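Residue-level structural notes
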Amino acid sequence: MTTLWDTTGSAVVKELAAQRRTGGAVLSGVALTLVVVADESRVTEAEEAATTAAEQHPCRILVVVRRQIEAPVPRLDAEVSIGGRLGPGEAVVMRMYGRLALHAESVVLPLLAADAPVVTWWHCDAPTQLTTDALAVIADRRITDSTTAADQLRALRTRAQDYAPGDTDLAWTRATPWRATLTSALDSVSGRRGDAVQVLGGQVEGEPGAATARLLAGWLQSRCGCPIDVVPTPRHSGPSGVDAVVLQLDQHEEVRVHADRRGGAVISQPYRPDATMALPERPLGDLLGEELRRLDPDEPYAEALEAATGISGLVGRESVRAHVWVDPAEHKDAPLAGDQVGQNSPHGAAPTVPLDSEGADEVAQHGEQDSPDPTAPETVR
């Protein structure tokens, strides 16, 4: 690992290239670029998760830490490593100070793996409107985590209002074992009957304010076409916020799945003894690794988010995002969702993003980008 203090974007690019030359063929086969945006207090946790995910999906890891945006002098500190503590691949950890932190994309763009998809993950409070962050606009897939918010239900609604195909949420990923277990339980009932099963209603028992519980109930509602409520439970519901799921079926039958607090789930259904299936609480790295398996739009998540928040039309939205520049030092509120670049925005069109390391150096030295050319077309991804 090489640490570059008070450096420039071109120096980081050169150091990464130098280490790549010495690494040889070991570094081939990068499947994607994973851009991680994290607060300083969560950097270690984010690095561990990204390392675990990189073991499953070879990728270049770019960690962006926006520190002290109010600092008077822009500065970039970077750690460049290949085959080090962040896994066998290429990794760069960048701590940005001052106005440079608002233009993180100017340093990140030259470091993206060529001809590889880009995934951006926020292990911090994500922007209310992702179009105000260029790291979201350049990404093919965007991963947030509503469970880290103080008000998880409000965070879910924000994600629904700002949703575009390619967005996903680790709160949704935490519901995967529950969804698999419930599907298995209903398949078992269907196999016993020799006919399809109809779900007439049910409830999710857990924390009503937990994003995972709401998304699980939304998924059941979207799939079954019947109301599914989230009700409180007297037991501790664990990190996912879900303790049990009860489904009322046709023919006066009921299926109940509840966590046994030993890494499993107990399935209770008519005419058969209780069965136990694995239902582990997975670490953050495994959750991230699951989301990196697919880069196409997650339509089941969109449908679950629709049902959980009551905001419809998510699946049919456009996947194109246009960057809207918002300076948090001047404006506390982002433009309203749906504003186009240069329309209803107090800042007009987004400034031009430097496409090479020289442009990144200028940002690092002067703390601002060149004024956009009013005759140039808008940058849309």
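Residues numbered from 1 in each chain as written. Predicted model: local features only at pLDDT ≥ 70, side-chain atom pairs only at ≥ 80, totals over all residues. Heavy atoms only, no water.

This part covers the side chain of Arg141. Tracing the backbone shows Arg141 in strand β7 (residues 141-144). Looking at Arg141, its side chain comes within polar contact range of the main-chain oxygen of Arg294, at 3.2 Å. (Helix = DSSP H or I, 4+ residues; strand = E, 2+ residues; numbered from the N terminus. Polar contact = N/O pair within 3.5 Å; in protein donor to acceptor, adjacent residues only side chain to side chain.)

Time to look at helix α5 (residues 152-161). Residues of α5 that are buried: Gln152, Ala155, Leu156, Thr158, Arg159 and Ala160. As for α5, its buried residues are in contact with β7, β8 (167-169), α8 (211-224) and α10 (299-309). With a side-chain oxygen positioned 3.3 Å from the backbone nitrogen of Leu153, the residue opening α5 is Asp151. (Buried < 20%, exposed > 50% of the residue type's maximum accessible area, 1.4 Å probe, protein only. Contact = heavy atoms within 4.5 Å.)

This brings us to the sheet that holds strand β5 (residues 87-97). Two pairing modes exist for strands in a sheet, parallel and antiparallel, and in both the strands are linked by backbone hydrogen bonds. Spatially, β1-β4-β5-β3-β2-β6-β7-β8 is the arrangement adopted by the eight strands of the open sheet, whose pairing is mixed. The strands lining the two open edges of the sheet, one partner per strand, are β1 (2-4) and β8. Strand-to-strand twist across the sheet, computed as the mean angle between neighbouring axes with direction ignored, equals 15 degrees. Sheet topology places strand β2 (residues 32-38) next to strand β6 (residues 118-123); six bridges connect them, and they run parallel. When the bridges of β6 are listed, Ala38 appears paired with His123. (Pairing = 2+ DSSP bridges. Axes fitted to C-alpha atoms, helices over the stretch in contact; angles between N-to-C directions.)

The phi angle at Arg261 is positive, at roughly 65 degrees, despite the residue not being glycine. For Arg261, the position within the fold is in the loop between β12 (253-259) and β13 (264-268). You can call Arg261 partly exposed: its relative accessible area is 39%. Phi is positive for Tyr271, which is not a glycine, with a value near 65 degrees. On the secondary structure map, Tyr271 appears in the loop between β13 and β14 (275-278). Judged by its relative accessible area of 71%, Tyr271 is exposed.

Okay, the nonpolar core next. In terms of nonpolar packing, the biggest core is built from 40 residues, with Val204, Leu216, Val245 and Leu247 touching the most fellow members. Counting residues per element, this core draws most heavily on α8, which supplies seven residues. Counting residues in hydrophobic clusters, the runner-up holds 29 residues, among them Ala104, Val108, Trp122 and Cys124. (Core = buried A, V, L, I, M, F, W, Y, C linked by side-chain atoms within 4.5 Å.)

Here the focus is the packing of α8 against α10. The contact between α8 and α10 brings their axes to 7 Å, and the two run at 100 degrees. When the axes of α8 and α10 are compared, the pair comes out roughly perpendicular. On the side of α8, the interface is formed by Arg214, Leu215, Gly218, Trp219, Gln221, Ser222 and Arg223, while α10 contributes Pro300, Tyr301, Glu303, Ala304, Leu305, Ala307 and Ala308. For the contact of α8 with α10, a count of residues per class yields eight nonpolar, three polar and three charged. (Parallel < 35°, antiparallel > 145°, perpendicular 65-115°, else oblique. Nonpolar A, V, L, I, M, F, W, Y, C, P; charged D, E, K, R; others polar.)

Quick look at the pairing of β12 now. Going residue by residue along β12, you find Glu253, Val255, Val257 and Ala259 tucked away on one face and Glu254, Arg256 and His258 left uncovered on the opposite face. Both strand β11 (residues 242-249) and β12 contribute to a ladder of six bridges, which runs antiparallel. Within the sheet, the bridge partner assigned to Leu247 lies in β12 and is Val255. Sheet analysis places β12 next to β13, joined by four bridges and oriented antiparallel.

To continue, consider the packing of aromatic side chains. Counted by the stated rule, this structure contains two aromatic pairs. Here the aromatic rings of Trp172 and Tyr301 are separated by 6.0 Å at their centres, their planes lie at 50 degrees, and the arrangement is tilted. Remark: Tyr301 occurs in helix α10 and Trp172 occurs in helix α6 (residues 170-173); sequence separation between them is 129 residues. Pair check on accessibility: Trp172 and Tyr301 agree, each one buried. Ring pairing ties together the aromatic residues Tyr163, Trp172 and Tyr301, which thus form one cluster. Above the plane of the ring of Tyr97 lies Arg75, whose end atom (NZ or CZ) is 5.4 Å from the centre. In this structure, Arg179 packs its charged tip against the face of Trp172, placed 4.0 Å from the ring centre. (Phe/Tyr/Trp six-rings, centres within 6.5 Å; stacked < 30°, edge-to-face > 60°. Lys NZ or Arg CZ within 6 Å of the ring centre and 35° of its normal.)

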